[in-house]
Amino acid sequence: QVQLVESGGGLVQTGGSLRLSCAASVRILSIDTMGWYRQVPGKQRELVAAITSGGRTNYADSVKGRFTLTRDNAKDTVYLQMNGLKPEDTAVYYCNAEIRPPARPTYNFWGQGTQVTVSS
C-alpha cells in the first residue's frame, strides 16, 4: 500500500504560480511512474504530467511550457510547479503512483486531492 499526501493547492489569480507537493510513504524509486491528474465536475480525470523512475517526463499539451514536474528521491516527494496559471487550470489535482510488477496487474494509488482555483 502506498500513501500519498498532497499539499500546495489554493486560490491564485490568472498568471500566478503554485507548487503542488506529493509525499509518498514508500521510496519513490520503487514506483514506476508518479504523476498528477486533475478533474473538474462532470468531466473525466485527465493526466497533467507524469515522471518515470528513470526521470522521463510527459506533459499534457495544455500545460507544456507552463508546468514542470520534478522529483526529490531523497525526500520521496514529487513537485508540480505551475506557472502562468489560467482559469481553465481550475480543478482538483490528484497525485498518482503507478506500480507495474512483472507479470502482475498494475497497481494505482491516489492522493486525497487538492483544490486549485485560478481567478480571472
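Residues numbered from 1 in each chain as written. Predicted model: local features only at pLDDT ≥ 70, side-chain atom pairs only at ≥ 80, totals over all residues. Heavy atoms only, no water.

### Some details on the nonpolar core
Consideration 1: Core analysis: the biggest nonpolar cluster contains 31 residues, and Leu4, Met34, Trp36, Val78, Leu80, Met82 and Tyr93 have the highest contact counts within it.
Consideration 2: Taken together, the elements giving at least two residues each to this core come down to β3 (18-24), β4 (33-39), β5 (46-52), β7 (67-72), β8 (77-82), β9 (91-99) and β11 (114-119).
Consideration 3: If you tally residues by element for this core, the top one is β9, at five residues.
Consideration 4: Excluding anything up to four places from it in sequence, Tyr93 contacts Glu6, Leu20, Trp36, Tyr37, Arg38, Val48, Phe67, Leu80, Met82, Gly113, Thr114 and Val116. (Core = buried A, V, L, I, M, F, W, Y, C linked by side-chain atoms within 4.5 Å. Buried < 20%, exposed > 50% of the residue type's maximum accessible area, 1.4 Å probe, protein only. Helix = DSSP H or I, 4+ residues; strand = E, 2+ residues; numbered from the N terminus. Contact = heavy atoms within 4.5 Å.)

### Points about the sheet that holds β7
Consideration 1: A sheet is described by the order of its strands in space; here four strands give the open sequence β1-β3-β8-β7, paired in antiparallel fashion. With partners counted over all chains shown, the strands left at the sheet margins are β1 (4-7) and β7, one partner each. When the angles between neighbouring strand axes are averaged without regard to direction, this sheet yields 15°.
Consideration 2: As judged from the six bridges shared by β7 and β8, these two strands associate in the antiparallel manner. When the bridges of β8 are listed, Thr68 appears paired with Gln81. (Pairing = 2+ DSSP bridges. Axes fitted to C-alpha atoms, helices over the stretch in contact; angles between N-to-C directions.)

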